[in-house]
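# Structural features, examined
Residue strings, one per chain:
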Amino acid sequence: MPRWANPPVPADAKLMRLAAQNKLSQPAELKKQTARLLADARAERFLRDFTGQWLQTTKVGEMQPDKSLYPEYDEDLERAMVQETLAATGGKGANVVLDMVGGDYIAKNLKAVAMHGRIVMIAFQKGSRIEADWMPIMLKRLTFTGSTGVGKALVKQSADALLRTSMELGGNAPFLVFEDADLDAAVTGAMQAKMRNIGQACTAANRFIVHEAVADEFATKFAAKMAELNLGRGVADGTTCGPVINSAARANMERLVELTVKEGADVVVGGESVGDEGYFFKPTVLANVPADASILKEEIFGPIAPIVRFKTEEEAVRLANNTEYGLVSYAFTKDLARGMRLVDSLESGMSGLNTGLVSNAAAPFGGVKASGLGREGGAEGIEEYLETRYVLVPNL
């Protein structure tokens, strides 16, 4: 393993403590400290750990500055950090890892980044522009986690270079509950699958497809668990549910609830924003959602759980597969034969049978259809970065 991959801790830790104490109040001072660390070939460690503490992480792949804690953040500082990173790592062969807000600036300079590093990891802010000429022929591999729209754009742009790509894109996971399911276990799984990161995860269950014989009981128990969540700031004692990512996300939650109610659904719990500060939205369960409701066609990305009823296994599978996405699916049933049928019939790259949590570092993570290409994790994830070479040596 190269020397830079496992650097000593003290200098990094000292800088993080200074940042936490808000003593790095001037961009010039922070730039100076940054350059010193980067010049010591700690670019990867620094940008992973320091920006993770300096910026408020809102979801994997997107980061936003907490300007109330760090008012000194500005685009000039970010630009300086990018330039210092390129200068410090270019001659050392180190990986260049940029996990920052300025998608526009970085997108315009990806060619320079690629020329100076072997592996480039970029986390774009939502809505950032992607320039069409950024992908030089010297790149061999492109991996992306984010929206399906951006993933499609990147695949198109990589075509001229015939790059191998891995795309971990959007999801619209179905959560099936059959009449023979252990409802308490199903509710526990539903809380895991729906409320992980307040529903702001690609693996979040978006569509709860429940047998009509147990739909009312499931909705009541699920709503009771959602009502127990204590909404508030993550740093506050007792908080068990935080905000959505921004005001646009909160507005979208309000829109989805209003629209779904107009289409015939009932609000069992939640359904509204809370307070004037922050982007808090109550954990919500919607019952009696029509099978053709608009909310079932969108990746909700928030704490709303719509429940649709079904009568037969065939109908449940049809409802589950009625989406362009295919990242993960969940199903609760005591019938193992049915469970195996569902594994074959549900169109998803991953399935959780009687569990609401499928992610595992040892397992291949990825989807089908519009949810992406390739796999991350497990042996399959390593294979994504390797080439198979055939060699024939004839008998001499």
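Before reading further, recall that the structure is shown in the block above.
Residues numbered from 1 in each chain as written. Predicted model: local features only at pLDDT ≥ 70, side-chain atom pairs only at ≥ 80, totals over all residues. Heavy atoms only, no water.

### Let's talk about the packing of aromatic side chains
- Under the defined criterion, the tally for this structure stands at seven aromatic pairs.
- For the ring pair Phe175 and Phe208, a centre distance of 5.1 Å and an interplane angle of 40° mean the geometry is tilted. Taken together, the residues Phe175 in strand β7 (residues 173-177) and Phe208 in strand β8 (residues 205-211) connect sequence positions 33 residues apart.
- You can call Phe175 buried: its relative accessible area is 0%.
- Given the relative accessible area of 0%, Phe208 is considered buried.
- Centroid distance Phe178 to Phe310: 5.2 Å. Interplanar angle 70°. Geometry classified as edge-to-face. Residue Phe178 is located in the loop between β7 and α8 (183-195), and its partner Phe310 is located in strand β13 (residues 304-310); the two are separated by 132 residues in the primary sequence.
- Overall, the relative accessible area of 1% leaves Phe178 in the buried class.
- Grouping aromatic residues by their ring pairs yields a cluster made of Phe175, Phe208, Phe218, Phe222, Tyr330 and Phe332. (Phe/Tyr/Trp six-rings, centres within 6.5 Å; stacked < 30°, edge-to-face > 60°. Helix = DSSP H or I, 4+ residues; strand = E, 2+ residues; numbered from the N terminus. Buried < 20%, exposed > 50% of the residue type's maximum accessible area, 1.4 Å probe, protein only.)

### Things to note about the sheet that holds strand β18 (residues 372-373)
- As summarised here, the arrangement of the three strands in space is β5-β6-β18, forming an open sheet in which the pairing is mixed. Strands at the two margins of the open sheet, each flanked by one partner only, are β5 (141-145) and β18.
- Relative to strand β6 (residues 164-168), β5 runs parallel, the two being bridged by five bridges. For Thr143, the partnering residue across the bridge sits in β6 and is Ser166. (Pairing = 2+ DSSP bridges.)

### Observations regarding the packing of helix α11 (residues 313-321) against helix α12 (residues 336-345)
- Closest axis-to-axis distance for the α11/α12 pair is 11 Å, and the angle between their directions is 35°. The handedness of the crossing between α11 and α12 comes out as right-handed. Contact residues: α11 offers Glu313, Val317 and Asn321, while α12 offers Arg338, Arg341, Leu342 and Ser345.
- For the contact of α11 with α12, the residue count by class is two nonpolar, two polar and three charged. (Axes fitted to C-alpha atoms, helices over the stretch in contact; angles between N-to-C directions. Left-handed = near helix turned anticlockwise from the far one by under 90°. Contact = heavy atoms within 4.5 Å. Nonpolar A, V, L, I, M, F, W, Y, C, P; charged D, E, K, R; others polar.)

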